[in-house]
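Observations on the model geometry
For reference, the chains in residue letters:
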Amino acid sequence: NLNLRIRPDGSIAVSSAAWVPAATVDDFVRSRAGLIGTARRRWQTERPQQAFLPVQGAALPCLGRTLTIQLRQGKEEARCEGNRLLLTLRDPADGQAAQRLLERWWKETCRQLFAALTAKWFPRFERWNIPKPVLRTRRMSSRWGSCQPRTAAITLNERLLHAPVECVEYIIVHELAHLVQPDHSPAFHAVVAEVMPDWKARRQRLREAVIPQ
């Protein structure tokens, strides 16, 4: 019998009896190329992503620039000063506490920024008389945002905070446009283009942005 396994790192392991010729093993692996490719792609999609580690001097992409993490001792707080993100902790060596503090700062920053940008662009949709959206944020791996027209609920990916502000605005306009047109028809893109004429350039900048998982 020939047995093939695909390991979590994407490598392939084949076991066979000692008398089976190497050419036969090679042919067997080649015959399973489709299966191997499918399994590797699925694993890449489903594997857990490594969290960003907020260690001293770490570089964190944020709104199109790079913030340098600085850990300090004191009363717990997170504050951005210029290109520095100051994480103040009772014990700066406590990696888990630093991780939790960074996550709270990131989520709150997303909430405030996304709400402000939504308030900025929502009036541009006045002529369509769309409902004011219910805004939510969460970390997603496969999409930048989602919209439920029936409930006017818009969810934005917290990873967008890594991207330039103009890219975040593009996603917000995209999701607001779904309250006018729920699909991606030409009518939908006409709405986006009317509200944001340079949306294609913003979309391209988002595709080129450095955005960690």
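Everything in this summary refers to the structure shown in the same document. As a convention, each chain's residues are numbered from 1 in the sequence order in which they are written. Per-residue local features of the predicted model are confined to residues with pLDDT of at least 70, and side-chain atom pairs are confined, for both listing and counting, to 80 or more; whole-chain, interface and lining totals are unaffected and use all residues. Side-chain descriptors were evaluated using all non-hydrogen atoms of the structure, hydrogens and water having been removed beforehand.

1. Considering the pairing of strand β5 (residues 77-81)
A strand pair is defined by DSSP finding two or more bridges across the two strands. Under the scheme used here, helices are H or I runs from DSSP no shorter than 4 residues and strands are E runs no shorter than 2 residues, and both carry numbers assigned from the N terminus. Where β5 meets strand β6 (residues 84-89), 5 bridges bridge the pair, whose relative direction is antiparallel. Considered in β6, the bridge of Ala78 is made with Leu87. As consecutive antiparallel partners, β5 and β6 are separated by 2 residues, and within that stretch Gly82 has a phi angle of approximately 60°, a positive value.

2. What to know about the sheet that holds strand β4 (residues 65-73)
Note on sheets: strands pair through backbone hydrogen bonds, and any given pair is parallel or antiparallel. Sheet architecture is open: 4 strands sit in the order β3-β4-β6-β5, paired in mixed fashion. Among the strands making up the open sheet, the edge pair consists of β3 (59-62) and β5. With direction set aside, neighbouring strand axes in the sheet form an average angle of 30°. Strand contacts of helix α3 (residues 95-121): β3, β4, β5 and β6, with the helix running at about 130° to β6, the strand carrying the most contacts. The axes used here are C-alpha line fits, helices contributing only the stretch in contact, and every angle between their N-to-C directions lies in the interval 0 to 180 degrees. Residues count as neighbours in contact if any of their non-hydrogen atoms are within 4.5 Å of one another.

3. Observations concerning unusual backbone geometry
Residue Asn129 is not a glycine yet carries a positive backbone phi of 55°. Structurally, Asn129 is set in the loop between α3 and β7 (134-138). When its relative accessible area of 69% is taken as the criterion, Asn129 is described as exposed. If you check the backbone angles, Ala152 has positive phi at about 60° while not being a glycine. Mapped onto the elements of the fold, Ala152 is located in the loop between β8 (145-148) and β9 (153-157). Accessible area is worked out with a 1.4 Å probe on protein chains only. A residue is then buried under 20% of its type maximum, exposed over 50%, and partly exposed in between.

4. Observations regarding the pairing of β8
Pairing of β8 with β9 involves 4 bridges; the strand directions are antiparallel. Paired with Gln148 across the strands is Ala153, a residue of β9. What sits between the antiparallel neighbours β8 and β9 is a turn of 4 residues, in which Ala152 has the positive phi angle 60°.

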